[in-house]
Amino acid sequence: MSILVTGGAGYIGAHTVWELAEAGRDVVVADNLSTGFRAAVHPKARFYALDIRDRAALDGLFEAERIDGVIHFAASSQVAESMADPLKYYDNNLHGTMVLLSAMVSHGVKRLVFSSTAAVYGEPERVPILETDRTVPTNTYGETKLSMERMMAWVSRAHGLSYVALRYFNACGAHPSGLIGEAHDPETHLIPIILQVPNGQREKLTIYGGDYPTPDGTCVRDYIHVTDLAQAHILALDYLMAGGANNVFNLGNGAGFSNREVVAAARRVTGHSIPAVIGPRRAGDPSRLVASSEKARSVLGWDPKFADLEAIIATAWVWHKSHPRGYGA
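Q: Account for the layout of surface pockets, with residues named and values stated.
A: Reported here for the second largest pocket is a volume of approximately 210 Å³. Along the walls of the second largest pocket sit 16 residues, with Ala183, His184, Pro324, Arg325 and Gly326 positioned nearest its centre.

Q: I'd like to hear about the environment of Asp222, residue by residue, with values.
A: By the element assignment, Asp222 lies in the loop between strand 9 (220-221) and strand 10 (223-225). Exposure remark for Asp222: the relative accessible area of 2% places this residue in the buried category. Taking the C-alpha atoms as reference points, Asp222 and Asn170, separated by 52 residues in sequence, lie 6.1 Å from one another. When residues no more than four places from it in sequence are discounted, the contact partners of Asp222 are Phe169, Asn170, Gly252, Asn253, Gly254, Ala255, Leu289, Val290 and Ala291.

Q: Quick one: what's the story with the sheet that holds strand 12 (residues 257-258), residue by residue and with numbers?
A: The strand order across the open sheet formed by 3 strands is 12-9-14, and the pairing between neighbours is mixed. Looking at which strands have only one partner, the edges of the open sheet turn out to be strand 12 and strand 14 (288-289). In the sheet, strand 9 pairs with strand 14 via 2 bridges, with the strands oriented parallel. From the neighbouring strand, Val220 faces strand 14, where its bridge partner is Arg288.

Q: So what about the nonpolar core? Which residues, and what values?
A: Core analysis: the biggest nonpolar cluster contains 32 residues, and Val5, Ile12, Ile71, Leu166 and Leu251 have the highest contact counts within it. Where this core is concerned, the elements lending two or more residues are strand 1 (2-6), helix 1 (11-22), strand 2 (27-31), strand 6 (162-168), helix 7 (226-241), strand 11 (247-251) and helix 9 (294-300). Those residues in contact with Ile12 that sit more than four places away from it in its chain are Phe73, Tyr168, Ala171, Val226 and Leu229. Within the second largest apolar cluster, 28 residues are counted, among which are Ala30, Leu94, Met148 and Tyr163.

Q: Break down helix 4 (residues 86-106) for me, with residues and values.
A: Along its 21 residues, helix 4 runs 29 Å from first to last C-alpha, staying within 8% of the 30 Å computed at 1.5 Å per residue. Taken together, the buried positions of helix 4 are Tyr89, Asn92, Asn93, Leu94, Gly96, Thr97, Val99, Leu100, Leu101, Ala103 and Met104. Contacts made by the buried residues of helix 4 are with strand 1, helix 2 (55-64), strand 4 (67-72), helix 3 (79-84), strand 5 (111-115) and helix 5 (140-159). Backbone geometry just after helix 4 places Gly108 at a positive phi near 70 degrees.

Q: Residues and numbers for the packing of helix 2 against helix 4, please.
A: In the contact formed by helix 2 and helix 4, the axes pass within 10 Å of each other and the chain directions differ by 40 degrees. Judged by the sense of rotation from one axis to the other, the crossing of helix 2 with helix 4 is right-handed. Contacts from Arg55, Leu58, Asp59 and Phe62 in helix 2 reach Val99, Leu100, Ser102, Ala103, Met104 and Ser106 in helix 4. Along the lines of polarity and charge, the residues of the contact of helix 2 with helix 4 split into 6 nonpolar, 2 polar and 2 charged.

So, how was this worked out
Residues numbered from 1 in each chain as written. Predicted model: local features only at pLDDT ≥ 70, side-chain atom pairs only at ≥ 80, totals over all residues. Heavy atoms only, no water. 1 Å grid on protein atoms, 1.4 Å probe; cavity = no way out; pocket = protein on both sides within 12 Å on 5 of 7 lines; lining within 4 Å. Points joined across faces, edges and corners; volume = space filled by probe spheres on them. Helix = DSSP H or I, 4+ residues; strand = E, 2+ residues; numbered from the N terminus. Buried < 20%, exposed > 50% of the residue type's maximum accessible area, 1.4 Å probe, protein only. Contact = heavy atoms within 4.5 Å. Pairing = 2+ DSSP bridges. Core = buried A, V, L, I, M, F, W, Y, C linked by side-chain atoms within 4.5 Å. Expected span 1.5 Å × (residues − 1). Axes fitted to C-alpha atoms, helices over the stretch in contact; angles between N-to-C directions. Left-handed = near helix turned anticlockwise from the far one by under 90°. Nonpolar A, V, L, I, M, F, W, Y, C, P; charged D, E, K, R; others polar.

Spelled out as structure tokens, the structure:
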């Protein structure tokens with residue numbers, strides 16, 4: 001039986017595909033390559049160039065492959081863009097998931113691991129965030145992800161779908177081999193943007209907002225290495241295959257780092273001064289997001305290997321130095 005990874009040519013999806021393939025799993029990837037890269041897909045995975053909103057194409061995939069479980073990454077994921085173009089996010093994220101779930105129901109595929117986000121919480125009631133805390137998103141991206149979770153719950157009730165939603169925030173780093181890593185156009189994630197400065201691709205870094213209610217005035221986030229995230233998705237799928245009940249898990253290191261602290265760590269890793277200035281806030285950004293992952297550790301047996309921020313940035317630096325133009329170099 002095979003595992004379908006939607007969005008498996010994207011950043012986190014591709015790393016998950018690599019971990020699955022290297023573990024000897026049979027993997028099928030579906031991606032429309034709007035933001036993903038064919039070169040990022042593991043050579044052992046079977047690739048389908050399709051959009052999950054295309055029901056006929058999905059039906060063809062499910063008819064051609066014996067899919068036992070789905071890991072669902074396919075979605076738009078930029079906070080600022082979601083605020084400027086919310087309808088795109090409802091179309092791609094919510095409508096796309098609806099079509100995927102409909103195809104799964106029709107073809108009798110019952111297990112789904114969903115790549116959700118800590119953005120579903122909005123401004124948290126407390127830090128670290130627990131899975132039982134209230135969900136009041138402050139941006140369209142988080143709102144669509146929360147709606148996708150709710151859709152899965154209702155489909156589960158009606159059709160017996162088993163699902164796990166994994167809520168995490170800042171994926172970062174690159175595969176330890178240096179073969180795949182993070183590449184977005186335009187780039188919106190903090191660590192790769194920081195590394196563009198020592199890589200000679202920008203003169204300075206602009207930090208969005210310096211007046212947040214945090215110790216140094218800049219946003220605080222929980223940074224998780226992409227390989228650790230990939231392993232959590234695999235553990236969640238195995239949990240469902242073993243008969244685990246529907247569940248939601250946070251994935252985090254339990255410690256947040258401010259934007260200024262991330263810049264300081266990057267300076268130490270690269271040996272570059274990395275000039276930085278404070279710019280205006282970005283719409284929809286909560287001040288502090290740090291997730292408790294105790295539940296994932298105890299129930300799934302998740303044991304992240306990259307807890308040190310400098311070690312995470314070092315893997316990213318290896319990738320970006322050797323691939324300054326992403327998969328185009």
